[in-house]
Amino acid sequence: HKRAVSTLVLLLLLFFSASTNATRPPATLRIPVVHRDAVFPPPPGASRGSLLSRRAAADAARYAALKASLCLRRSSAHDDRLHSPVMSGLPFDSGEYFASIGVGTPSTTALLVIDTGSDLIWLQCKPCRRCHRQMSLLYDPKDSSTYRQIPCSSPRCFPRQGCDSSTGACGYTMVYGDGSGSRGNLATDRLVFSNDTSVDSIVIGCGHDNEELFDSSAGVLGVGRGTGSLATQVAPTYGRYFAYCLGDRTSVARSSASYLAFGRTPEPPSTAFTPLLSNPRRPNLYYVNMAGFSVGGERVAGGFCSSGLWLDPANGRGGVVVDSGTSISRLPRDAYAALRDAFDARAAAAGMRRLARGISVFDACYELRGASVPAVTLHFAGGADVALPPENYFIPEQGGRYHCLALEATDDGLSVVGNVLQQGFRVVFDVEKERVGFAPNGC
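Here the residue numbers are simple positions, counted from 1 along each chain's written sequence. With pLDDT at 70 or above as the cut-off, local features in this predicted model cover only qualifying residues; side-chain atom pairs require 80 or more to be listed or tallied, and sums for whole chains, interfaces and linings still use all residues. The basis for the side-chain values is all heavy atoms of the structure; hydrogens and waters are excluded.

Per an unreviewed UniProt entry, the recorded name for the protein chain is Peptidase A1 domain-containing protein, and the organism is Aegilops tauschii subsp. strangulata. UniProt positions are given in the numbering used here, feature names are shortened, and annotations may be inferred rather than shown by experiment. As recorded by UniProt, the Sequence similarities (unreviewed entry) comment attached to the protein chain reads in full: "Belongs to the peptidase A1 family."

Written out as structure tokens, the structure reads:
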């Protein structure tokens, strides 16, 4: 009898333990990531190296949105709109990375652009008054048993941007730097990630009126620092910590080692951390300070004002934004010129020939002539030194006949570390400890 009771108690303990483990969320939330060209391949015969320079117009729109965000004001309730620094993707001509996420119950797969500068998750929804073309099925809220419209009276209506008089639903308006946008209503629904991990009651924007934005994708996965981003919404479970690795942009493989992951994990010993800063003029962006750079193993000294690489909170200028949506990195004009001239001198000494004219937006292009590429290292505040692989800053053009230094100059007080410079690194956004980390070979 005692043995039977003991066996029964053991079975009950095992049952309750298994039940608890089954309902407990995993320690991390991991999402596979692919580059746009792996999903929407370029036309046959297109030079993959030249695609980046062809994306210059779209990338400029993205940068214009980031720049305009520094001047945002909430002057009245009538102009209380959500603004987000996002470029319009052109078919085959943008540098975006996508996450495939299920929305609703049963779930509809949505291909969403990962955006560290956006504070909202939104996707195109039925009924669609005006929608751009997308490759996946259009999400229909009526088909989801877990879809719940957010009323204007709800505290989750952030910020309130008008009500639908017939339904009382909380509305949203996203306005982007190139004049495109998305309008619709806020709601909650279940999001489903890899390995059937799901998160319930996530606030999403259901877009019914979307203008010329992210052609072929379903919408945006905002992972900025604001209230409505996925990073903030899953923070109670996974902490204010996420990381991603953006893989080789030239790979057309649909299976990718790229990922976006929420939840703290042990950091590789090679991770270099720099302080995460807040810009009061644009608090949703991830800012860091850059201390300088080295070319060919030598620190570039002089020729530029280092203060342009440090954030001035008083006017919102300076500093460097770590951004997943911009492809081409930008530095203040004097800093860019100093880096380019140092690179040029090393390239000439190695036997490269610089072209008399640039290609597209790149003004420093070369014939390799079998020469080795000068090494470039970025030095961030706090002693974080990031040695870049050549393919992250020296890209092929015109079928590989020439190579260009993949950086641009800016006069607008806004510098950006874009996704080409980040590729292959595990980039950590540790908001809890106020730091950003870079680990090589992170995919």
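Our focus in this paragraph is the UniProt feature "active site" (unreviewed entry) in the protein chain. The UniProt entry lists Asp115 and Asp323 under the feature "active site" (unreviewed entry), expressed in the numbering used here. Of the residues just listed, which span 209 residues, no C-alpha pair is farther apart than 7.6 Å, and they cluster in one region. In this description a helix means any DSSP run of H or I spanning at least four residues, a strand means any run of E spanning at least two, and both kinds are numbered starting from the N terminus. Following the sequence through the fold, aspartate 115 ends up in strand E4 (residues 108–115). Whenever a nitrogen or oxygen atom comes within 3.5 Å of another N or O atom, the pair is scored as a polar contact, on the condition that within protein one atom can donate a hydrogen and the other can accept it, and that pairs from neighbouring residues in sequence are kept only if both atoms are in side chains. A polar contact of 2.9 Å, which involves the side chain of aspartate 115, links it to the backbone nitrogen of glycine 117. Tracing the chain through its elements places aspartate 323 in the loop between strand E17 (320–322) and strand E18 (329–332). The rule is simple: take the accessible area with a 1.4 Å probe, protein chains only, and divide by the maximum for that residue type; under 20% is buried, over 50% is exposed, in between is partly exposed. Given a relative accessible area of 0%, aspartate 323 falls into the buried group. Polar side-chain contacts of aspartate 323 include one of 3.5 Å to the backbone nitrogen of glycine 325.

When DSSP locates at least two bridges between a pair of strands, those strands are taken to pair. With respect to topology, four strands assemble into an open sheet ordered E19-E20-E24-E23, the strand pairing being antiparallel. Looking at strand neighbours, the two that pair on one side only are strand E19 (353–354) and strand E23 (394–397), the edges of this open sheet.

Moving on, we get to the pattern of salt bridges. Any two side chains of opposite charge can pair if their charged atoms end up close together. Between Lys or Arg on one side and Asp or Glu on the other, a salt bridge is scored when a side-chain nitrogen of the former is within 4 Å of a carboxyl oxygen of the latter. In the structure shown here, the tally under the stated rule is 14 salt bridges. In this structure, aspartate 209 engages arginine 130 in a salt bridge whose closest nitrogen and oxygen atoms are separated by 2.9 Å. In this pair, aspartate 209 sits in strand E9 (residues 198–211) while arginine 130 sits in the loop between strand E5 (121–124) and strand E6 (148–149), placing the two residues 79 residues apart along the sequence. Salt-bridge contacts for glutamate 408 lead to arginine 330; the nearest nitrogen and oxygen are separated by 3.0 Å. In this pair, glutamate 408 is assigned in strand E25 (residues 407–410) and arginine 330 in strand E18, connecting sequence segments 78 residues apart. Across this residue pair, the class does not change: glutamate 408 and arginine 330 are buried.

Let us look at the sheet that holds strand E22 (residues 384–388). The four strands are arranged E16-E15-E21-E22 in an open sheet whose pairing can be described as antiparallel. Two strands in the sheet have a free side with no partner beyond their single neighbour: strand E16 (298–299) and E22. Pairing of strand E15 (residues 290–295) with strand E21 (residues 376–380) involves five bridges; the strand directions are antiparallel. Within the sheet, the bridge partner assigned to phenylalanine 293 lies in E21 and is leucine 378. Contact criterion: two residues are considered in contact whenever any of their non-hydrogen atoms come within 4.5 Å of each other. Simply put, an axis is a line fit to the C-alpha atoms, just over the touching stretch for a helix, and the angle between two N-to-C directions goes from 0 to 180 degrees. Where helix H7 (residues 333–350) meets the sheet, it contacts E15, E16 and E21, and its direction lies at approximately 15° from that of E15.

This part covers the pairing of strand E8 (residues 181–192). Put simply, side chains in a regular strand alternate between the two faces of the sheet. Where burial is concerned, most of E8 is hidden: 10 out of the 12 residues are buried. Relative to E8, strand E3 (residues 97–103) is paired through two bridges, and the arrangement is antiparallel. Residue pairing in the sheet places valine 103 in a bridge with leucine 191 of E8. Two strands pair when backbone bridges link them, and E6 and E8 are joined in this way by two bridges, in the antiparallel orientation. In the strand pairing of E8, glutamine 149 is matched with alanine 187. Pairing analysis gives five bridges linking strand E7 (residues 171–175) to E8, with the strands arranged antiparallel. In the sheet register, tyrosine 172 faces E8, and the bridge partner there is glycine 184. With 11 bridges connecting them, E8 and E9 associate as antiparallel partners. Across the sheet, residue leucine 191 finds its bridge partner in E9, namely valine 199. Hairpin remark: E8 followed by E9, antiparallel, with five residues in the connecting loop; positive phi at asparagine 195, about 60°.

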